[in-house]
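# Working through the structure, step by step
Letter by letter, the chains look like this.
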Amino acid sequence: MLLRPSLQPLLSRLGTFLSFTKMSSTGTFHLQQPLNYRTGSRVQPVDGSHSEEVYEPATGRVMGKFLFSGEKEVDLAVQSAKAAFKIWSQKSGMERSRVLLEAARIIRERSEEIATLETINNGKSIFEARMDIDISWQCLEYYAGLAGAIAGQHIQLPGGSFAYTRREALGVCVGIGAWNYPFQIACWKSAPALACGNAMIYKPSPLTPISAVMLAEIFTQAGVPSGLFCVVQGGAATGQFLCQHRDVAKVSFTGSVPTGIKIMEMSAKGIKPVTLELGGKSPLIIFSDSVLENAVNGALMANFLTQGEVCCNGTRVFVQRQILEAFTEEVVKRTQKIKIGDPLLEDTRMGALISRSHLERVLGFITQAKEQGAKVLCGGDPYVPDDPKLKNGYYMRPCVLGNCRDDMTCVKEEIFGPVMSILPFDTEEEVLERANNTTFGLAGGVFTRDIQRAHRVVAALQAGMCFINNYNISPVELPFGGYKMSGFGRENGQAAMEYYSQLKTVCVEMGDVASVF
Ligand SMILES: NC(=O)c1ccc[n+]([C@@H]2O[C@H](COP(=O)([O-])OP(=O)(O)OC[C@H]3O[C@@H](n4cnc5c(N)ncnc54)[C@H](O)[C@@H]3O)[C@@H](O)[C@H]2O)c1
Ligand SMILES: C[N+](C)(C)CCCC=O
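How each quantity is defined
- Residues numbered from 1 in each chain as written.
- Chains lettered and ligands numbered in written order.
- Predicted model: local features only at pLDDT ≥ 70, side-chain atom pairs only at ≥ 80, totals over all residues.
- Heavy atoms only, no water.
- Helix = DSSP H or I, 4+ residues; strand = E, 2+ residues; numbered from the N terminus.
- Rg over C-alpha atoms; globule rule 2.2 N^0.38 Å.
- Buried < 20%, exposed > 50% of the residue type's maximum accessible area, 1.4 Å probe, protein only.
- Contact = heavy atoms within 4.5 Å.
- Areas by Shrake-Rupley, 256 points an atom, 1.4 Å probe, with all protein chains shown as cover.
- Near = heavy atom within 4 Å.
- Polar contact = N/O pair within 3.5 Å; in protein donor to acceptor, adjacent residues only side chain to side chain.
- Nonpolar A, V, L, I, M, F, W, Y, C, P; charged D, E, K, R; others polar.
- UniProt positions renumbered as here; feature names shortened; annotations may be inferred.
- Phe/Tyr/Trp six-rings, centres within 6.5 Å; stacked < 30°, edge-to-face > 60°.
- Lys NZ or Arg CZ within 6 Å of the ring centre and 35° of its normal.
- Expected span 1.5 Å × (residues − 1).
- Salt bridge = Lys/Arg side-chain N within 4 Å of Asp/Glu carboxyl O.
- Pairing = 2+ DSSP bridges.
- Axes fitted to C-alpha atoms, helices over the stretch in contact; angles between N-to-C directions.

Within the chain one finds 16 helices and 20 strands. For the chain, the C-alpha radius of gyration of 24 Å lies close to 24 Å, the compact-globule estimate for 517 residues. For the chain, the proportion of its 517 residues judged to be buried stands at 57%. For the chain, the share of sequence-separated contacts (at least 6 apart) that also reach a separation of at least 24 residues comes to 74%. When the accessible area of the chain is evaluated, it comes to approximately 21400 Å², of which 54% is carbon and sulfur surface.

Spelled out as structure tokens, the structure:
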């Protein structure tokens, strides 16, 4: 059967997705297609420096190899994005909104296959990956809504003169992402960037290179100009080429503090604005008047999503002494019941950590905690599922540490794994002092039934994202970002629009020019 030419690209794209869907059970997916994307299609980098393997954390299996991009490929992506920016930035907010809504619709329609691939590449449970993909399309919908509302101010001046402000796009923005929320981070950056009229080049973490290119295909299918959203794969060197490129207007980075410092230094050389979403070691404060069941649920949410690999996790759990025993007993009981295993199974709630080396690093923190006097109340050891195909996966039992002190490494440093440290406290003043005694400032939470105390405590917390009587929920309407060494700039919410646009003031004289000369 002959097909209309216009249907051919659509069907070949669908073919790509269908082949993903067919290979969706653990241990069966093989990487076949290029993972870079520019000028509207998947490409191999012209100057791939070397190739690296992509692993499936659930099985430890190599799923394929992909090429790291060099300077020439980065430049081609920038040129492609620059050309698209010229078209896209001239569109009205409403026109951009329609395209973003269509992209959100496609993500919703394909959410199961995207979530499946995210699970295969990251190791998190399919249950959670579905939530991540829901947050992703909601993010596009939210910024589609804001795109049409971008407006300036009108300011009256003497003698009928006036001024107005225009909120304008920045140009080609770079997004550099971490591996814990691969698709969601790409959406959190690209949705506000595109809504404001920018182009974006996105570099995923080399550990999770698979899903960003799906987002690129979806944007193309939704109708963005060819080249508007490009993907370049690679590690530090590729990231550096992007940050240093003279035609890049802004860098939005999600990752660790040490890399954030390098990004800021590189951006400083080009006076480029940066958004830094960095690590954390956040406090969760549980007062004795809390509803115990809610506090326990909150502590589990604050520590064990995505195998504990979450930047804003409340890993320092301060518990008021009166309820220490009851809280600890219940939290340990619940932690022991968490179902670990094949992340693609419906009832799994904890999958595999991202890599063998990361698993060993997390286990190393637990060994050190024991040496420093902490008591392992549960978990903290490698886990080998019964299913033989999972025997080389990167699993561990979620861990609760008791007998913790503020000076222990496990309490001071970001572990980025399923490890909760419980710390007793007596008074509000004392716990606030201890909670803020950290260089990080990403998030914080409080559980109490005393409404005045709840607001007083979060007002005193030195953190950008605070929760009262809940933890780690993330509606896209809420600005998200850190204080102190956890970074600056905000993702999500209306606030993110400011970080992807610049303000122009236009002063209009309606009379004659009065010169002082
Ligand atoms: N605040 C947030 O929103 C948030 C969200 C997720 C993760 N994180 C943080 O990310 C860290 C874990 O992620 P990670 O291990 O991928 O972080 P990482 O800093 O090692 O890498 C992040 C990204 O930066 C790239 N990169 C590395 N060196 C670079 C360089 N010199 N120049 C340019 N790019 C470079 C990496 O390839 C990757 O894409 C944790 O500290 C976590 O707290 C923060
Ligand atoms: C969706 N969460 C759970 C709030 C995580 C946000 C991204 C941080 O790593």
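Further notes follow.
With that settled, the discussion passes to the site of ligand 2. All residues in the neighbourhood of ligand 2 are listed as Asn 180, Tyr 181, Gln 184, Trp 188, Val 310, Cys 311, Cys 312, Asn 472 and Ser 474. Between ligand 2 and the protein, one listed contact pairs an oxygen atom with a side-chain N or O atom of Asn 180 at 3.0 Å. One of the backbone N or O atoms of Cys 311 is found 3.1 Å from an oxygen atom in ligand 2. Burial of ligand 2 by the protein chains amounts to 94% of its free accessible area of 300 Å².

A few words on the site of ligand 1. Surveying the vicinity of ligand 1 reveals 29 residues, the closest of which are Gly 177, Ser 256, Thr 259, Leu 278 and Glu 414. One nitrogen or oxygen atom from the side chain of Trp 179 is found 3.0 Å from an oxygen atom belonging to ligand 1. The separation between a nitrogen atom of ligand 1 and a polar side-chain atom of Gln 240 is 3.3 Å. Within the complex, the protein chains bury 88% of what would otherwise be the 850 Å² of accessible surface of ligand 1. Contributions of two or more residues to the shell around ligand 1 are made by α8 (236-244), β10 (248-254) and α9 (257-269). When residues in the shell around ligand 1 are grouped by element, the largest group, four residues, is from α9. Grouping the constituent residues of the shell around ligand 1 by class yields 14 nonpolar, 11 polar and four charged.

Time to look at the side chain of Asn 198. Residue position: Asn 198 is located in the loop between α6 (182-195) and β8 (199-203). A polar contact is formed between the side chain of Asn 198 and the backbone oxygen of Tyr 500, at a distance of 2.8 Å.

Turning our attention to unusual backbone geometry. What you tend to see is this: most non-glycine residues have negative phi, and most peptide bonds are trans. At Thr 306, a position not held by glycine, the phi torsion is positive, near 45 degrees. Looking at the element boundaries, Thr 306 is found in the loop between α10 (292-304) and β13 (316-320). The buried category is assigned to Thr 306, whose relative accessible area is 0%. Its identity is not glycine, yet Gln 307 carries a phi of approximately 55 degrees, on the positive side. Position of Gln 307 among the secondary structure elements: in the loop between α10 and β13. For Gln 307, a relative accessible area of 1% corresponds to the buried category.

Right, let's talk about the UniProt feature "active site" (unreviewed entry) in the chain for a bit. UniProt's entry tags Glu 277 with the feature "active site" (unreviewed entry), counted in the numbering of this structure. Turning to its location among the elements, Glu 277 is positioned in strand β11 (residues 274-277). Assessed through its relative accessible area of 3%, Glu 277 is described here as buried. Discounting chain neighbours no more than four positions away, the residues touching Glu 277 are Phe 253, Thr 254, Gly 255, Leu 442, Phe 480, Gly 481, Gly 482, Ser 486, Gly 489, Arg 490 and Glu 491.

Looking now at the packing of aromatic side chains. We describe a pair of aromatic rings using the distance from one ring centre to the other and the angle between the two ring planes. Taken as a whole, this structure holds eight aromatic pairs when the rule is applied. On the numbers, 5.6 Å between centres and 65 degrees between planes, the contact of Trp 188 with Phe 480 is edge-to-face. You can see Trp 188 sitting in helix α6 and its partner Phe 480 sitting in the loop between β18 (465-468) and β19 (487-488), a full 292 residues away along the chain. Accessibility assignment for this pair places Trp 188 and Phe 480 in one class, buried. Taken together through their ring pairs, the aromatic side chains of Tyr 202, Phe 219 and Phe 229 make up a single cluster. The aromatic ring of Tyr 500 is capped on one face by Lys 250, whose charged end is 5.0 Å from the ring centroid. A cation over an aromatic ring shows up here: Arg 349 above the ring of Phe 127, its NZ or CZ 3.7 Å from the ring centre.

Okay, α6 next. When the terminal C-alpha atoms of α6 are compared, their 20 Å separation across 14 residues agrees well with the 20 Å that a helix rising 1.5 Å per residue should span. Most of α6 sits inside the fold, with 14 of its 14 residues counted as buried. The first or second residue beyond α6 is Gly 197, which carries a positive phi of 100 degrees.

Further remarks concern the pattern of salt bridges. Here the structure, examined in full by the defined rule, presents 23 salt bridges. Between Arg 105 and Glu 102 there is a salt bridge, and its shortest N-O distance comes to 2.9 Å. Of this pair, Arg 105 and Glu 102 both sit in helix α3 (residues 93-109), separated by three residues, roughly a single helical turn. Judged by relative accessible area, which is 32%, Arg 105 ranks as partly exposed. Since its relative accessible area comes to 26%, Glu 102 is described here as partly exposed. Close ionic contact of Glu 168 with Arg 166 constitutes a salt bridge, the shortest N to O distance being 2.6 Å. A single network of salt bridges, built from pairs that share partners, joins Glu 102, Arg 105 and Glu 109.

This part covers the sheet that holds strand β20 (residues 501-508). Spatially, β5-β6-β20 is the arrangement adopted by the three strands of the open sheet, whose pairing is antiparallel. Edge strands, defined here as strands with exactly one partner in the open sheet, are β5 (154-156) and β20. The average angle at which neighbouring strand axes cross in this sheet is 20 degrees, direction not considered. Two elements, β5 and strand β6 (residues 162-169), share three bridges in a ladder whose sense is antiparallel. Bridging across to β6, Gln 156 finds its partner in Phe 162.

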